[in-house]
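# Summary of the model geometry
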Amino acid sequence: MNYSHTTTADQLKLTFSGDLIGENNGAELVELVNDAINSGKKYCLIDISDVRYINSSGIGVLITILTKFRNKGGELFLIKPSEHVKKLLIITKLQAIFNIVDTEQEALDKIN
């Protein structure tokens, strides 16, 4: 999996592509999230439109990020999951705990 990140005053935006399998980048992502939260970021926007596949470790990484932001009074938004990823979130009933939006603007509208 490849990822990039950008920040604003109160947001961390992550863009993932490839396969989110967690083992390779999981610890690195959690450290990045911890640093963002410690520097005052309250919201995490994750663009997963280019993610082809997620396994249980990848789901664990997403849940860890979600928990860290919510524990600090923040929120996480998953932006534009592919049909395959949407089905996985529905099957696992995780669509009930994640804020899933179609566009970054939709996430920003919910923040404001």
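For the structure itself, consult the block above.
Reference entry: report on the structure contained in this document. The structure presented is a predicted model; accordingly, all values stated were derived computationally and were not measured. Here the residue numbers are simple positions, counted from 1 along each chain's written sequence. Totals for whole chains, interfaces and linings use all residues, but because this is a predicted model, local features are given only for residues with pLDDT of at least 70 and pairs of side-chain atoms are given and counted only at 80 or more. Computation of side-chain values: all heavy atoms of the structure, hydrogens and water removed.

Turning our eyes to something else, we now look at the packing of helix 1 (residues 26-38) against helix 2 (residues 56-71). Between N-to-C directions, angles cover 0 to 180 degrees, with each direction set by a line fitted to C-alpha atoms, over the stretch in contact for helices. Helix and strand labels come from DSSP, where a helix needs a run of H or I of at least four residues and a strand needs a run of E of at least two; each type is numbered from the N terminus. Two elements in contact, helix 1 and helix 2, have axes separated by 10 Å at closest approach and are oriented at 15 degrees. Relative to helix 2, the element helix 1 is oriented roughly parallel. Here helix 1 and helix 2 pass one another in a crossing that is right-handed. Residues G26, L29, V30, V33, N34 and I37 of helix 1 form the contact with helix 2, whose own contacting residues are V61, T64, I65, K68 and F69. Three residue categories are used. Nonpolar comprises Ala, Val, Leu, Ile, Met, Phe, Trp, Tyr, Cys and Pro, charged comprises Asp, Glu, Lys and Arg, and polar comprises the others, including Gly. When grouped by side-chain class, the residues that make up the contact of helix 1 with helix 2 number seven nonpolar, three polar and one charged. Here roughly perpendicular refers to angles of 65 to 115 degrees, roughly parallel to angles under 35, roughly antiparallel to angles over 145, and oblique to all remaining angles. Less than a right angle of anticlockwise turn of the near helix away from the far helix marks a crossing as left-handed, whereas a clockwise turn marks it as right-handed. Any pair of residues with heavy atoms lying within 4.5 Å of one another is described as a contacting pair.

Right, let's get into empty space enclosed by the protein. Taking a probe equal in size to a water molecule and rolling it over the atoms shows the remaining empty space. Any residue with an atom within 4 Å of a point lines the site, the site being either a cavity, points on a 1 Å grid over the protein atoms alone where a 1.4 Å probe fits but cannot get out, or a pocket, an open set with protein on both sides within 12 Å along at least 5 of 7 lines. Grid points are joined across faces, edges and corners, and a volume is the space filled by probe spheres set on the points. Using the criterion set out here, one finds one cavity of 30 Å³ or more in the structure. Put simply, the largest cavity is a space of about 30 Å³. In terms of lining residues, the largest cavity is bounded by M1, L20, I21, G22, E23, N24 and N25. By residue class, the composition of the lining of the largest cavity is three nonpolar, three polar and one charged.

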